[in-house]
Amino acid sequence: YKKALELPNMVNCGLSNNRQGVAVYCRVDDIYKLYLTDRRGNIVEENDWTILSSLECDMNTSVVPLHENHHDMTEKIRSVFQDRANEIEHDRTGHVELLKRQALDKIEKANIIIDDLHNYRRYWGEKAFEEKIKNNFKVKISDYPLFDLISEERTILGDETNETLKGKGIFKYSASGVGSKIKLNGKNYYEYLLALNNENVNEQLKYNLSIIATTLTAKLKQQRSSKKADYLKADIDKAREIQKCILPEHEYKFHKYDLFGITKPAEIVGGDFFDYLDIGEDKERLGVALGDAASKGVGAAAEAMYISGALRMASNFEIKIAPLMRRMNRQINKIFDDDKFATFFYGELSSDKCGLFLYSNAGHNPPFFLKKNSDEIIRLYPTGPVFGPVPNAKYQVENINFSDGDILLIYSDGITDSSNREFENYDEERLINTLINNRDLTVKEITLAILEDVIKFSAGGKYSDDKSLIVIKRREK
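Note that this is a predicted model, so its numbers are computed, not measured. (Residues numbered from 1 in each chain as written. Predicted model: local features only at pLDDT ≥ 70, side-chain atom pairs only at ≥ 80, totals over all residues. Heavy atoms only, no water.)

### As for the overall build of the protein
A tally of regular secondary structure across the protein gives 13 helices and 21 strands. Within the protein, the fraction of its 477 residues that count as buried is 42%. In the protein, the share of contacts with a sequence separation of at least 24, taken over all contacts with a separation of at least 6, comes to 63%. Element-wise, carbon and sulfur atoms account for 50% of the exposed surface of the protein, whose accessible area totals about 26,900 Å². (Helix = DSSP H or I, 4+ residues; strand = E, 2+ residues; numbered from the N terminus. Buried < 20%, exposed > 50% of the residue type's maximum accessible area, 1.4 Å probe, protein only. Contact = heavy atoms within 4.5 Å. Areas by Shrake-Rupley, 256 points an atom, 1.4 Å probe, with all protein chains shown as cover.)

Pasting the structure below:
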């Protein structure tokens, strides 16, 4: 048809389908041309208009004009064909039979099979179809733009373009990505492709293939996970030991202050951490930190260790609290995924006699400050947002003053969010009462009393999160 359109002085062009093959006809000046083609568009016969007239009249060809507004022209051509057929009525039968044999011979040589439904398909014989694709058969990604589409949509419907595969009888197919994705030349491609060819390639086949590919991917991951189970267990044990090494000793003394900290992960490792940091060469200041990466398990533990490492590195440069918080937030925003964040409380004790405590709170639960001779609780509310989502966030620095016997309780939300079987939370009020009731004990005794009460309360509960506590108390004279 393309060749016919390119002919000089072409007047009209159309497509004829019959039970023996496909024909394209056209009128060039006063001459009618006929092209018999195979399904791939290769011309297998080229003749003048008289062959077309015989086919038209005797082989019940339905003419389909491929140009708009050419219907009248097509009818005129059909009329001319009919008139010419009447003129050769005396030898019509023998002529048509000859044409049929010629057409069938050409069609057979072109390897086209036409069934009763007028469906045309490439035929290579049963032996060719049974032959498997060779093991070393390769296709180039650059030759298949659909590979990029599969990476985006996973399952597609397509027309085969590779000559070798078309030679196997593959013309239409549905393909779906299976397994993990591999990065190549800056793009991600599935490690396996599952492809099926069928005469009835449709959306239902595409949908079914998607389900099969998803199931296969899950099975592959399951097999790989089972093989890695022993290694993973060993790695988790190592991670637990590393996390224990990063955490400081529970008990710490700084001038007139006693400190005791503890963290209890909900799983083998957790996203909570705390730390004590000596600031400056004279060690006249002590940094106290408690953070909570917003998740649980190995991923949260890795995030917590990163924050802890960044804090320790920054503390070596004696950076003031506000710029320290800003830099850590920007770094976490840069490194962590978009759905990750962390809450963080940081404060510094000093050796001065007035008991100054400077602090900044990045979206963390407000610590409780309890004065010696009062049951009133002073909450140290956030002075800036959580780390991660807002890269240019600013953080204020606030302060309190310790007197002898005063207590500061810093905790993670795993304490107050712990719930019992009735889904009741431990909540802040219960925590405050436990702190007040144990205020005269040592920092270690206060910490363990709170943790024990929380564990008893949440026994049998459905929700569990990492739990961390730091208790700071200024010793009395």
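We are not done yet, so read on.
### Digging into the sheet that holds strand 9 (residues 172–184)
Taken in spatial order, the 3 strands make up an open sheet running 8-9-10, and their pairing is antiparallel. A strand with exactly one partner marks an edge of an open sheet, and here the two such strands are strand 8 (155–159) and strand 10 (187–197). Averaged over all pairs of adjacent strands, the angle between strand axes in this sheet comes to 40°, irrespective of strand direction. With 5 bridges joining them, strand 8 and strand 9 adopt antiparallel strand pairing. (Pairing = 2+ DSSP bridges. Axes fitted to C-alpha atoms, helices over the stretch in contact; angles between N-to-C directions.)

### Here we look at unusual backbone geometry
With a phi angle near 75°, Arg-154 is a residue other than glycine that sits in the positive phi range. Relative to the assigned elements, Arg-154 resides in the loop between helix 6 (146–153) and strand 8.

### A few points about the confidence of the model for the protein
Should pLDDT be low for a region, the predicted coordinates there are not to be read in detail. Of all residues in the protein, 68% have pLDDT values of 70 or greater, and the mean over the chain is 76. Within the model, pLDDT remains below 50 along residues 88–92, and this stretch shows 5 contacts once partners closer than five positions in the same chain are excluded. (pLDDT = per-residue confidence, 0-100.)

### Focus on the sheet that holds strand 11 (residues 251–254)
Pairing is antiparallel in the open sheet, where 6 strands are placed in the order 11-12-21-20-17-18. In this open sheet, the two strands that pair with only one neighbour each are strand 11 and strand 18 (377–379). For this sheet, the mean angle separating the axes of adjacent strands, direction not counted, is 20°. In the sheet, strand 17 (residues 368–370) pairs with strand 18 via 3 bridges, with the strands oriented antiparallel. In the sheet register, Phe-368 faces strand 18, and the bridge partner there is Arg-379. Running at roughly 30° to strand 17, helix 12 (residues 427–437) makes contact with strand 17, strand 18 and strand 20 (407–411) of the sheet.

### So, helix 6
Of all the residues in helix 6, the buried ones are Phe-147, Ile-150 and Ser-151. Projection of helix 6 onto a plane perpendicular to its axis shows the buried side chains occupying an angular sector of 100°, all on one side. Taken together, the buried residues of helix 6 touch strand 8, strand 9 and strand 10. Just downstream of helix 6, Arg-154 is the residue with a positive phi angle, here 75°. (Arc of directions from axis to C-beta.)

### Quick look at the packing of aromatic side chains
By convention here, two paired aromatic rings are described through the distance between centres and the angle between planes. Here the structure, examined in full by the defined rule, presents 16 aromatic pairs. Taken together, a centroid distance of 6.3 Å and an interplanar angle of 25° make the contact between Phe-273 and Phe-344 stacked. Here the residue Phe-273 occupies a position in strand 13 (residues 272–279), and Phe-344 occupies one in strand 15 (residues 342–350), the gap between them amounting to 71 residues. Like Phe-344, Phe-273 is buried. Taken together, the ring pairs in this structure connect Tyr-257, Phe-345, Phe-357, Tyr-359, Phe-369 and Phe-402 into an aromatic cluster. The cationic tip of Arg-430 hangs over the ring face of Tyr-426; the distance from NZ or CZ to the ring centre is 5.8 Å. (Phe/Tyr/Trp six-rings, centres within 6.5 Å; stacked < 30°, edge-to-face > 60°. Lys NZ or Arg CZ within 6 Å of the ring centre and 35° of its normal.)

### A word on helix 13 (residues 443–457)
Over its 15 residues, helix 13 extends 21 Å from the first C-alpha to the last, a length consistent with the 21 Å expected when each residue adds 1.5 Å. Those residues of helix 13 lying buried are Val-443, Ile-446, Thr-447, Ala-449, Ile-450, Leu-451, Val-454 and Phe-457. Residues of helix 13 that are buried sit in contact with strand 12 (257–264), strand 20, helix 11 (413–416), helix 12 and strand 21 (467–474). (Expected span 1.5 Å × (residues − 1).)

### Description of the side chain of Ser-360
Summarising the element assignment, Ser-360 is placed in strand 16 (residues 356–362). A polar side-chain atom of Ser-360 sits 3.0 Å from the main-chain carbonyl oxygen of Gln-396. The contact partners of Ser-360, leaving out residues within four places of it in the chain, are Ile-321, Met-325, Phe-344, Phe-345, Tyr-346, Thr-383, Tyr-395 and Gln-396. (Polar contact = N/O pair within 3.5 Å; in protein donor to acceptor, adjacent residues only side chain to side chain.)

### Some remarks on the pattern of salt bridges
Applying the stated criterion across every chain, the model contains 16 salt bridges. The closest approach of N and O atoms between Lys-172 and Asp-159, which form a salt bridge, is 2.6 Å. Taken together, the residues span a long stretch of sequence, with Lys-172 in strand 9 and Asp-159 in strand 8 at a distance of 13 residues. For Lys-172, a relative accessible area of 39% corresponds to the partly exposed category. (Salt bridge = Lys/Arg side-chain N within 4 Å of Asp/Glu carboxyl O.)

### A closer look at the packing of helix 12 against helix 13
The angle between the axes and the distance between the axes are what describe a pair of packed helices. Direction vectors running N to C along helix 12 and helix 13 enclose 140°, while the axes themselves pass 10 Å from each other. In this view, helix 12 runs oblique relative to helix 13, as classed from their interaxial angle. Of the two elements, helix 12 crosses helix 13, and the hand of that crossing is right-handed. Each of Arg-430, Leu-431, Thr-434 and Leu-435 in helix 12 lies in contact with helix 13, whose residues at this interface are Ile-446, Ala-449, Ile-450, Asp-453 and Phe-457. For the contact of helix 12 with helix 13, the residue count by class is 6 nonpolar, 1 polar and 2 charged. (Parallel < 35°, antiparallel > 145°, perpendicular 65-115°, else oblique. Left-handed = near helix turned anticlockwise from the far one by under 90°. Nonpolar A, V, L, I, M, F, W, Y, C, P; charged D, E, K, R; others polar.)

### Digging into the pairing of strand 11
In the sheet, strand 11 pairs with strand 12 via 4 bridges, with the strands oriented antiparallel. The partner of Glu-251 across the bridge, within strand 12, is Phe-260. Counted between consecutive antiparallel strands, the loop separating strand 11 from strand 12 contains 2 residues, among which His-255 sits at a positive phi close to 50°.

### Some points on the environment of Glu-191
By the secondary structure assignment, Glu-191 is in strand 10. A relative accessible area of 25% places Glu-191 in the partly exposed class. Taking the C-alpha atoms as reference points, Glu-191 and Gly-177, separated by 14 residues in sequence, lie 7.5 Å from one another. Here Ser-180 takes part through its backbone nitrogen, which lies 2.8 Å from a polar atom of the side chain of Glu-191.

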